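Structural characterization, general
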Amino acid sequence: MTINIKYFGLIAEVTQHEEETMNVSGRFISDLLEALYSKYPDLKNKDFQVAQNQELVSENTELSGQELALLPPFSGG
Amino acid sequence: MNRYNRHIILSDIGQAGQDKLLNAKVLVVGAGGLGCPILQYLAAAGIGTLGIIDFDVVEMSNLQRQVLFGTSSLGENKAEAAKKRLEDLNNDILIIAYPERLTYQNAIDLCNEYDIIVDGSDNFETRYLVNDACIITNKPLVFGAIYKFEGQVSVFNYQNGPSYRCLFPNPPQKDTAPNCSEIGVLGVLPGIIGSMQANEVLKIILGIGNVLSGKLFCYNALTSQTSTLKINKSEEQIELVLKEKHNFKKRQLEIDCEFQSDDISIEDVLNFENIQFIDVREAHEQPKVDGLKITHIPLNQLENNLEKIDLSKQKMIICQSGMRSKQAVSLLRNSGILNCYSIKEGALDIIEILNKKHKATTNDR
């Protein structure tokens, strides 16, 4: 499955870009995360949530979307 | 009633809407990058009662984005400096400054006094504290947060909607995002995000438009891209907070145990007015710092000499390396003395900076 992934905040600093297209095999969001962790090992040390097609989802949600986003919490004010 | 004419002539607001604003009570947590534009627009809009809580003082490096302050506010408590500016902007409304830190002890009582809480704080611990206090007191929370060139906005706990914990259940344990003072922030960004928060407050009070509840709005100032993502409510997360509600006031902020962020550079302090320097080194320690009016109280005698501390001033503590001054700040705080800061430079560096400054002024002549 071809998925477009958006990276926000310091996640984009780990991946070195704000957006990319990836080919993912697997059924669940967790499968995508495994693929991302092996591509970007530093991601394992970051806190973030995943949104699929503009909706926040959990790791065991089925991959269905064309568009995913990795969102870290921001604390600045 | 000329002041609010441009609101009143809008058919969606009218005199009835303006009266709602004048009867509303809003608490803004933090008068920093986000807090300044939030407060400015809410005061201008005629929010009848506006509370401001912030323990921090205005520093030179704040002026790049904290638009309520000027060089004349340097060294002043932010809540009080903001109140002063806002009273000039709008003397119709009641503005209450709380020059203290939001804590587990004061949060519930404060939230109970207001209809809407706005989070303009700059650290995760306060953000979770505000969120949990809003769940317990059942108040809507207008959330905004920034990171470098990006911002997030949402409204939590609004008409049974999701809370911040439904989005991010727990404060980050891993590599946490450092705050603006450590990594920098584009000055206009909190202006944009804070203005959006003020807009959500007005919509909630007026009952117009769609409130940003159950959604997280994300903005990137460099690409001008925005995303609005749907957040689902987690009853489990909210239950967890309510279940612990009786222990809420017993909890302690970790920030109070650490010393970070309360360090201040002597270079900034030299611009301040109304300060008391306190040297907590032993009498025999060298070198002496000349050229500043300094109260000498060795650290181990500090507790027994609290009467030497001028409560009307900002207390700047100095020592040999910047370590004992941190301990002194924490000791003074525990004794209930506010507005104490540790100068991060040690005596030697302080003298060097003072000398440089002195030379620069003599060369100017």
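The name recorded for chain B in an unreviewed UniProt entry is Molybdopterin-synthase adenylyltransferase, from Confluentibacter flavum. For the record of chain B, the UniProt heading Subunit (unreviewed entry) holds the text "Homodimer. Forms a stable heterotetrameric complex of 2 MoeB and 2 MoaD during adenylation of MoaD."

Going by what an unreviewed UniProt entry lists, chain A is known as Molybdopterin synthase sulfur carrier subunit and is assigned to Confluentibacter flavum. Among the UniProt annotations of chain A, the heading Sequence similarities (unreviewed entry) holds the following wording: "Belongs to the MoaD family."

**Thoughts on the pairing of strand β3 (residues 49-52) of chain A**
Residues and elements named next belong to chain A. In this structure, β3 lies alongside strand β5 (residues 67-71), joined through four bridges in antiparallel fashion. Residue pairing across strands places V50 opposite L70, the latter belonging to β5. The antiparallel pairing of β3 with strand β4 (residues 55-57) creates a hairpin that spans two residues between the two strands, and N53 there sits at a positive phi of about 45 degrees.

**Notes on the sheet that holds strand β10 (residues 275-279) of chain B**
Consider a sheet: its strands pair through backbone hydrogen bonds, and that pairing is either parallel or antiparallel. Residues and elements named next belong to chain B. Reading across from one edge, β9-β13-β12-β10-β11 is the order of the five strands in this open sheet, with parallel pairing throughout. Sheet topology places β9 (263-264) and β11 (294-296) at the edges, where each strand pairs with a single neighbour. Relative to strand β12 (residues 314-318), β10 is paired through five bridges, and the arrangement is parallel. The residue bridging D279 from the neighbouring strand is I318, located in β12. Sitting on the sheet, helix α12 (residues 324-334) is in contact with β9, β12 and β13 (340-343), with an inclination near 175 degrees to β13.

Parameters at a glance
Throughout, a residue's number is its position along its own chain's written sequence, starting from 1. Written order decides the labels, with chains lettered from A and ligands numbered from 1. The predicted origin of the model limits local features to residues at a pLDDT of at least 70 and limits the giving and counting of side-chain atom pairs to 80 or more, whereas totals for whole chains, interfaces and linings rest on all residues. Only hydrogens and water are set aside when side-chain values are computed; all heavy atoms of the structure are taken into account. UniProt positions are given in the numbering used here, feature names are shortened, and annotations may be inferred rather than shown by experiment. Here the rule is simple: two strands pair whenever DSSP picks up at least two bridges between them. The secondary structure listing takes helices from DSSP runs of H or I that are at least 4 residues long and strands from runs of E that are at least 2 residues long, numbered from the N terminus. Contacts are residue-level and defined by heavy atoms, with any inter-residue pair within 4.5 Å sufficient. Here the axes come from fitting lines to C-alpha atoms, over the contacting stretch only for helices, and the angles between their N-to-C directions go from 0 to 180 degrees.

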